[in-house]
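Notes for the structure review
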Amino acid sequence: NYWIYLYESIHYHLYQQSIGFGEMMFLDEVCDLSGLSLQQFNPYFVTKIMKPWLRMTQSNYPETTRWIYILKPPTIVNLAWNLVTPLLSQGTVDKIRFEKKFE
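Rules behind the numbers
- Within each chain, residues carry numbers counting from 1 in the order of the written sequence.
- Residues qualify for local features only when their pLDDT is at least 70, as the model is predicted, and side-chain atom pairs are given and counted only at 80 or more; totals for whole chains, interfaces and linings, by contrast, use all residues.
- For side-chain calculations, the full set of non-hydrogen atoms in the structure is used, while hydrogens and water are omitted.
- Strands are runs of DSSP state E lasting at least two residues, helices are runs of H or I lasting at least four, and both sets are numbered from the N terminus onward.
- Type-normalised accessible area, obtained with a 1.4 Å probe on protein chains alone, sets the label of each residue: buried when under 20%, exposed when over 50%, and partly exposed for intermediate values.
- To measure how exposed things are, a 1.4 Å probe is used in the Shrake-Rupley method; for residues, cover is taken only from the protein chains shown.
- To get an axis, a line is fitted to the C-alpha atoms, and for a helix only the part in contact is used. The angle between two axes follows their N-to-C directions and goes from 0 to 180 degrees.
- When the near helix sits turned anticlockwise from the far one by under a right angle, the crossing is termed left-handed; a clockwise turn instead gives a right-handed crossing.
- It only takes one pair of heavy atoms within 4.5 Å for two residues to be counted as in contact.
- Put simply, Ala, Val, Leu, Ile, Met, Phe, Trp, Tyr, Cys and Pro go in the nonpolar bin, Asp, Glu, Lys and Arg in the charged bin, and everything else, Gly too, in the polar bin.
- The criterion for an aromatic pair is that two Phe, Tyr or Trp rings (for Trp, the six-membered ring) have centres within 6.5 Å, with stacked assigned to planes under 30 degrees apart, edge-to-face to planes over 60 apart and tilted to the rest.

Here the focus is the overall build of the chain. For the chain, the count of helices and strands is four helices and three strands. The principal-axis extent of the C-alpha atoms belonging to the chain is close to 45 × 30 × 25 Å. A buried classification covers 33% of the 103 residues belonging to the chain. For the chain, the accessible surface area stands at approximately 7,100 Å², while carbon and sulfur atoms represent 58% of it.

Here's what the structure looks like:
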């Protein structure tokens, strides 16, 4: 699975950096949704991309993910957020920041 490989590789490097600097290193995740249309924001996107990504982040890497920035979310994301939020831990919800006017 691509996501697992990517996260394991990133966290291996975070671990090495943490040892080298003698302090915990953190990861800020950025998800740029600019240009996402209603047609693209479909059940496939929610069930095959968004939910697995959030589930994996909160289940396996909660201590190293500092913030999750959602950039330029379209209006439909508000509806999806209301549906997904109950499935997430409060710790994950607290880390997510929506940035509507990011340059």
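Moving on to the packing of helix H1 (residues 2-21) against helix H2 (residues 43-60). For any two helices packed against each other, one specifies the crossing angle of their axes together with the interaxial distance. In the contact formed by H1 and H2, the axes pass within 11 Å of each other and the chain directions differ by 35°. Considering the relative orientation of H1 and H2, their crossing is right-handed. Here Trp3, Ile4 and Tyr7 of H1 lie close against H2, whose contacting residues are Trp53, Met56 and Thr57. In terms of residue class, the contact of H1 with H2 is built from five nonpolar, one polar and no charged.

Right, let's talk about unusual backbone geometry for a bit. The residue lysine 72 is not glycine, and still its phi comes out positive at about 50°. Looking at the element boundaries, lysine 72 is found in the loop between strand S2 (65-71) and helix H3 (76-84). When its relative accessible area of 33% is taken as the criterion, lysine 72 is described as partly exposed.

Here the focus is the packing of aromatic side chains. Counted according to the given criterion, the structure contains one aromatic pair. Ring centres 5.2 Å apart and planes at 80° place the aromatic pair tryptophan 81 and phenylalanine 98 in the edge-to-face group. Linking tryptophan 81 in helix H3 with phenylalanine 98 in strand S3 (residues 96-99), this pair joins segments that are 17 residues apart in sequence.

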